[in-house]
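This is what each chain is made of:
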Amino acid sequence: MLQAFGVVKHYGETVALHSVTLAVLAGESLAVMGPSGCGKSTLLQILSGITRPDSGDVLYSGPAGGQNLGALDDDARAALRARDFGFVFQQGLLLSELTAAENVAVPLMLTGTSSRDAVARAGQLLAQVGLGGLDARRLGQLSGGQAQRVAIARAIASDARVVFADEPTGALDSRTATEVLELLLVHTAGQQRALVIVTHDESVAARCGRIIRMSDGRVVSDVQVAS
Ligand code: ADP
Ligand code: MG
């Protein structure tokens, strides 16, 4: 679904990614591990078209055929992200002044669903991720685990083919972390979907199908997890 070829990214003097070549296959759940500063978040941002690499290519194969993310302008990448990708990050991206239902409804409204239908659908999705009855709660008034579930409900709402999660369980207790991970795995199971999840937690990584480890901007290990 995604292929990075020789991706390089610098921030000033810092080389965040050296020359990363990596394929994410349809149906895969891929854990990205490695010490702080090794380039995990940068890799996620480049694979998802948030950031452009300095050199190298990222190819995405979606329903509209193959696309080179580096060749798309900012608007086209934003449209592609809204249509095909979902994001579950530790902070940001959700709008703290909006309610849980409104946060989930946003991607639906962006693709033309009426606000009334979108909010109704959001209520169903919130119930599905275990947040029934919290539709009207502002994001700022939810716990970390609840906010992560809202982000997952939003990814499901937009029917994201690839979900990118950056340490989604980092701030959660282990039981909530397990539940959040299971929701992510369930949503991304299936042939035309994939999950790319940055985590420091070996037990989270072990639930994924494949683990890559990074060091100093390079992928240094890439193993399939025995299921
Ligand atoms: P990780 O997610 O593995 O902790 P990052 O991808 O966030 O690592 O960062 C990789 C390197 O790039 C680090 O040295 C970090 O300081 C640097 N870096 C990341 N984002 C930026 C940025 N926006 N501006 C400057 N330096 C950055
Ligand atoms: Mg990071």
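The following paragraphs examine the structure supplied in this document.

Reading the values: rules and limits
Residues numbered from 1 in each chain as written. Chains lettered and ligands numbered in written order. Predicted model: local features only at pLDDT ≥ 70, side-chain atom pairs only at ≥ 80, totals over all residues. Heavy atoms only, no water. Helix = DSSP H or I, 4+ residues; strand = E, 2+ residues; numbered from the N terminus. Rg over C-alpha atoms; globule rule 2.2 N^0.38 Å. Buried < 20%, exposed > 50% of the residue type's maximum accessible area, 1.4 Å probe, protein only. Axes fitted to C-alpha atoms, helices over the stretch in contact; angles between N-to-C directions. Parallel < 35°, antiparallel > 145°, perpendicular 65-115°, else oblique. Contact = heavy atoms within 4.5 Å. Nonpolar A, V, L, I, M, F, W, Y, C, P; charged D, E, K, R; others polar. Phe/Tyr/Trp six-rings, centres within 6.5 Å; stacked < 30°, edge-to-face > 60°. Near = heavy atom within 4 Å. Polar contact = N/O pair within 3.5 Å; in protein donor to acceptor, adjacent residues only side chain to side chain. Core = buried A, V, L, I, M, F, W, Y, C linked by side-chain atoms within 4.5 Å. Pairing = 2+ DSSP bridges. Right-handed = clockwise from strand over helix to strand, strands pointing away.

Brief notes about the overall build of the protein chain
A count of helices and strands for the protein chain gives seven helices and 10 strands. Here the C-alpha radius of gyration of the protein chain, 17 Å, is about what a compact globule of 227 residues would show, namely 17 Å. For the C-alpha atoms alone, the extent of the protein chain along its principal axes is close to 45 × 40 × 35 Å. Looking at the 227 residues of the protein chain, the share that counts as buried comes to 48%.

Structural notes on the packing of helix H5 (residues 144-157) against helix H6 (residues 174-188)
Closest axis-to-axis distance for the H5/H6 pair is 10 Å, and the angle between their directions is 5 degrees. The pairing of H5 with H6 is recorded here as roughly parallel in orientation. The residues of H6 that touch H5, namely those facing Gly145, Gln148, Arg149, Ile152, Ala155 and Ile156, are Thr176, Glu179, Val180, Leu183, Leu184 and His187. Residue composition of the contact of H5 with H6, grouped by class: six nonpolar, four polar and two charged.

Structural notes on the packing of aromatic side chains
Evaluated as defined, the whole model comprises four aromatic pairs. On the basis of an interplanar angle of 80 degrees and a centroid distance of 5.0 Å, the ring pair of Tyr60 and Phe85 is categorised as edge-to-face. Of this pair, Tyr60 sits in strand S4 (residues 55-62) while Phe85 sits in strand S6 (residues 85-89), placing them 25 residues apart in sequence. The exposure classification of Tyr60 matches that of Phe85, with both residues buried.

So, the site of ligand 1
In the neighbourhood of ligand 1, the contacting residues comprise Tyr11, Thr14, Ala16, Pro35, Ser36, Gly37, Cys38, Gly39, Lys40, Ser41 and Thr42. Backbone polar atom of Gly37 to an oxygen atom of ligand 1: 2.7 Å apart, as the coordinates give it. In the environment of ligand 1, an oxygen atom lies 2.6 Å from a nitrogen or oxygen atom belonging to the side chain of Thr42. Elements with a contribution of two residues or more to the shell around ligand 1: strand S2 (14-24) and helix H1 (40-47).

Points about the nonpolar core
By size, the foremost hydrophobic cluster in this structure holds 42 residues, and its most contacted members are Val104, Leu126, Val150, Ile152, Leu184 and Ile197. If you tally residues by element for this core, the top one is H5, at eight residues.

Some thoughts on the pairing of strand S7 (residues 162-166)
Extensive coverage of S7 is indicated by the burial of five of its five residues. Neither face of S7 is open: one carries Val162, Phe164 and Asp166, the other Val163 and Ala165, and all of them are buried. When S6 meets S7, the two strands line up parallel, connected through five bridges. Following the sheet pairing, Phe89 is matched in S7 by Asp166. Relative to strand S8 (residues 194-198), S7 is paired through five bridges, and the arrangement is parallel. Within the sheet, the bridge partner assigned to Ala165 lies in S8 and is Ile197. Following the chain from S7 across H6 to the adjacent parallel S8, one finds a crossover that is right-handed.

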